[in-house]
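# Topology and contacts: notes
So the chains spell out like this:
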Amino acid sequence: MSSPAGRKSYGVKGAPYGFLLPAVILFALFFALPIGYAVWLSFRKVHVSGLGLGSGARKEVWAGAENYTEAFQDSELLNGALRVLGYGCIVVPVMLGLALLFALMLDSDKVRLAPFTRLAIFLPYAVPGVVAALLWGFLYLPDVSPFYFVLDKLGMPQPDLLDGGPLYLALSNIAVWGGTGFNMIVIYTSLRSIPAEVYEAAKLDGATPVQIALRIKIPMVAPSLVLTFFFSIIATLQVFNEPTTLKPLTNSVNTTWSPLMKVYQDAFGRNDIYSAAAEATLIAVVTLLLSFGFLRAANRRNKQEAAG
């Protein structure tokens, strides 16, 4: 017969697992299981016998790597990846640059109305992506945009932001407008955690505010910059809301403009969930490899700086 002390000890040791169990179950049901099912579908395809009519004429069979081979050879998927690459080259540096600039400005002792300014910069992040894309989409339309009205009255040129090269700027503007506030808060929170004694020592040594920002603040918030860059890469590779929402407003955005739009088109437009699963798996693997490679490079650099 076990003693009360033994039962109490077992209960204490098992408590963490009991607390983790609900999260583990939810993770398995709504994250791990769907991913596993998508990977399994990516190795399947539908085999059609004859005209595809009648019972048993269409059945699911093992396809091996056929779906992946077709995905690698799909020019639409490759072109979408190239478009997203150009989009990311605009979004990531501009968004993180503005976030860092705003965070440094808000961390200054001379700034006024800091709480209101923080809220004003962060507020666009609280706007749902589809709503933000619709808002900017109508601002880009010459017939309804107040900006075009003002340009017309001033006799200035009115560029078509939804056609050709300017389309990248239009899409990037939506992402920068919505994401700068979140990244700014992450960097600003890291800045506020720096001890005040560090700044006081720098001021005693004669450092100017610009020198303090460049030589103390930015190096000390490097982990936050790495984190925000990591999140920005993932968001860029997964861009979907902005081009999908703007698609009805312009002919420059097709149904496969981004890789995720191609996945959506194959799954729900062509009703080919097997090819879509393979493409989605490839996108996930590429995202994982890029993220892992970047984090590893950042950690290696931090170790080298610490050793030096």
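Above this text sits the structure in question.
Before going into details, it helps to say that this report is about the structure given with it. (Residues numbered from 1 in each chain as written. Predicted model: local features only at pLDDT ≥ 70, side-chain atom pairs only at ≥ 80, totals over all residues. Heavy atoms only, no water.)

What follows covers the side chain of Ser172. You can see Ser172 is positioned in helix H7 (residues 166-192). A polar contact is formed between the side chain of Ser172 and the backbone oxygen of Tyr168, at a distance of 2.6 Å. Beyond its immediate stretch of four places on either side in the chain, Ser172 contacts Tyr87, Ile90 and Val91. (Helix = DSSP H or I, 4+ residues; strand = E, 2+ residues; numbered from the N terminus. Polar contact = N/O pair within 3.5 Å; in protein donor to acceptor, adjacent residues only side chain to side chain. Contact = heavy atoms within 4.5 Å.)

The full count for this structure, using the stated rule, is 9 salt bridges. Two residues, Lys262 and Asp266, come together in a salt bridge whose shortest N-O distance is 2.6 Å. Highlighted residues: Lys262 and Asp266, both in helix H12 (residues 259-269), separated by 4 residues, approximately one helical turn. Side by side, Lys262 and Asp266 carry an identical accessibility label, which is buried. Put simply, Arg270 and Asp272 hold a salt bridge, and the shortest N to O gap is 3.7 Å. A single salt-bridge network, built from bridges that share partners, covers Asp74, Lys262, Asp266, Arg270, Asp272 and Glu279. (Salt bridge = Lys/Arg side-chain N within 4 Å of Asp/Glu carboxyl O. Buried < 20%, exposed > 50% of the residue type's maximum accessible area, 1.4 Å probe, protein only.)

In this section: the packing of aromatic side chains. Taken as a whole and judged by the stated rule, the model has 15 aromatic pairs. Aromatic side chains Tyr87 and Trp257 sit 6.4 Å apart centroid to centroid with 85 degrees between the ring planes, which places their arrangement in the edge-to-face category. Residue Tyr87 is located in helix H3 (residues 75-106), and its partner Trp257 is located in the loop between helix H11 (241-246) and H12; the two are separated by 170 residues in the primary sequence. Take Tyr87 and Trp257: they sit in the same class, and that class is buried. In this structure Trp257 comes out as buried when scored by relative accessible area, which is 2%. (Phe/Tyr/Trp six-rings, centres within 6.5 Å; stacked < 30°, edge-to-face > 60°.)

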